[in-house]
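So the chains spell out like this:
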Amino acid sequence: MEKKVDIDWSNLSFGYMKTDFRYISRWKDGKWDDGQLTEDNVLHISEASTALHYGQQCFEGLKAYRTKDNKIQLFRPDENGKRLNRSCERVMMPEVPVEKFIDACKQVVKANEHFVPPYGSGATLYLRPFVIGVGDNLGVKPAPEFIFAIFCVPVGPYFKGGMAPVNFTTTDFDRAAPMGTGKAKVGGNYAGSLRPHEAAVKKGFADCIYLDPATHTKIEEVGAANFFGITKDDKFITPLSESILPSITKYSLMHIAKEYLKLEVLERDVLVDNLDEFKEAGACGTAAVITPIGGIEHQGNLHVFHSETEVGPVTKKLYDTLYGIQFGDVKAPEGWIYEV
Ligand code: PLP
Ligand code: COI
């Protein structure tokens, strides 16, 4: 019998809650140990850990979904495993074999099965894998030891309203330098985003939009999500840049747009002064899923796309297809779904 928990599944926000088990594995003397599940949600690490002083860490985000026939499945965890390793490589941490990563995800989901929200509630189980540099160290150099861990939390929508349009504003701050760490999922990128995020929220926006750090003329990221726009002649456009995070949701939507919706798909510059070319726009990511963009404020002017209150038809189709694949109602492309 599956254990029961008292949670109001339909009203979950994107917030922390302690679940029963998390996975932890340690790297020492050149190798990872086998890893284990633990009930302890507190890490005991050296005060001199590089993760604390020099930001030597990275993380991932992926979800487990409960299907109509009560199976539990992960969406493209291999891609998260590969991206985690690209992030590890960028900040000189040991890679986690992708099979070990997927196995750890499955162990965490299985051990917390009763926290996987019911089908139809719209909620999911969010998994947060991370790697941190630990152990005694003072100089700016890679840590002597590392921890790879995963915890999980049942979550609802990241942006209030879920699949309802929200407005964003551009910011003068940059989240990443042209050849910096923007395409790695490292914590430093997010520390730098706290202030512009708070300023945007104070002005009444859901989050801020980062422009390209070199010229401030092109859209890069929508807070912690990628941008896409649908042109008036039905092309799916998304920015191409070395400093944005390669979103797994974005690449999945590019495939869905091309193969399921039969749209032309292009990664290219998106000029903030030429938003008129789009009839619809959205933010996409694991946490954000697809969040329709009502409007974007830039230099005091609000550019509205389809509507500030209604979801555009192409965005709706993209959402329904992605959501359907993730929850097992629409046939997924080969290799996208991993049953737990
Ligand atoms: N961009 C940033 C900065 C993010 O933090 C995320 C979240 O992971 C994304 C984009 C979306 O990526 P994904 O679709 O792989 O979750
Ligand atoms: C995600 O979509 O998984 C993210 O990492 C976004 C944010 C919560 C950092």
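Residues numbered from 1 in each chain as written. Chains lettered and ligands numbered in written order. Predicted model: local features only at pLDDT ≥ 70, side-chain atom pairs only at ≥ 80, totals over all residues. Heavy atoms only, no water.

## Some words on the site of ligand 1
- The full set close to ligand 1 counts 16 residues, and Arg83, Tyr190, Ser247, Thr249 and Thr286 are the nearest of them.
- Contacts to ligand 1 include Ile248, whose backbone N or O atom sits 2.8 Å from an oxygen atom.
- In the model, an oxygen atom of ligand 1 is placed 2.6 Å from a nitrogen or oxygen of the Thr286 side chain.
- Taking 380 Å² as the accessible area of ligand 1 by itself, protein coverage stands at 96%.
- The residue makeup of the shell around ligand 1, split by class, is six nonpolar, six polar and four charged. (Near = heavy atom within 4 Å. Polar contact = N/O pair within 3.5 Å; in protein donor to acceptor, adjacent residues only side chain to side chain. Areas by Shrake-Rupley, 256 points an atom, 1.4 Å probe, with all protein chains shown as cover. Nonpolar A, V, L, I, M, F, W, Y, C, P; charged D, E, K, R; others polar.)

## Remarks on the pairing of strand 1 (residues 22-28)
- Burial analysis of strand 1 places five of its seven residues in the buried class, the great majority of the element.
- Pairing between strand 1 and strand 3 (residues 36-38): three bridges, direction antiparallel. Pairing of Arg22 across the sheet is with Thr38, part of strand 3.
- In terms of strand pairing, strand 1 meets strand 8 (residues 145-155) through five bridges, oriented antiparallel. Looking across to strand 8, one finds that Trp27 is bridged to Phe146.
- In this structure, strand 1 lies alongside strand 2 (residues 31-32), joined through two bridges in antiparallel fashion. Directly across from Lys28, in strand 2, lies its bridge partner Lys31.
- Where strand 1 folds back on strand 2, the antiparallel hairpin that results is connected by two residues, among which Asp29 adopts a positive phi of roughly 50°. (Buried < 20%, exposed > 50% of the residue type's maximum accessible area, 1.4 Å probe, protein only. Helix = DSSP H or I, 4+ residues; strand = E, 2+ residues; numbered from the N terminus. Pairing = 2+ DSSP bridges.)

## A word on the site of ligand 2
- By nearness alone, every residue bordering ligand 2 is listed as Phe14, Phe59, Gly61, Tyr126, Arg128, Tyr158, Lys185, Tyr190, Ala224, Thr286 and Ala287.
- A distance of 2.7 Å is found between an oxygen atom of ligand 2 and a side-chain nitrogen or oxygen belonging to Tyr126.
- The backbone of Ala287 places a nitrogen or oxygen atom 2.8 Å from an oxygen atom of ligand 2.
- Protein contacts shield 90% of the accessible area of ligand 2, which totals 280 Å² for the unbound molecule.
- Each residue belonging to the shell around ligand 2 can be placed in one class, and the counts come to seven nonpolar, two polar and two charged.
- The two domains that each donate at least three residues to the shell around ligand 2 are domain 1 (9-155) and domain 2 (166-326). (Domains from an automatic or database assignment.)

## Focus on the nonpolar core
- Leu127, Val131 and Phe148 are the most contacted members of the largest nonpolar core, which totals 35 residues.
- Contributions of two or more residues to this core are made by strand 1, strand 5 (62-66), strand 6 (72-75), helix 2 (77-90), helix 3 (98-111), strand 7 (124-134) and strand 8.
- For this core, the leading source of residues is helix 3, giving six residues.
- Dropping the residues within four chain positions of it, Val131 is found in contact with Trp32, Gln56, Gln57, Cys58, Leu84, Cys88, Met93, Val96, Ile147 and Phe148. (Core = buried A, V, L, I, M, F, W, Y, C linked by side-chain atoms within 4.5 Å. Contact = heavy atoms within 4.5 Å.)

## Description of unusual backbone geometry
- Despite not being glycine, Asn70 has its phi angle at roughly 70°, a positive value.
- Among the structural elements, Asn70 can be located in the loop between strand 5 and strand 6.
- For Lys262, which is not glycine, the phi torsion reads 60° and is therefore positive.
- The topology assignment puts Lys262 in the loop between helix 6 (248-259) and strand 14 (264-267).

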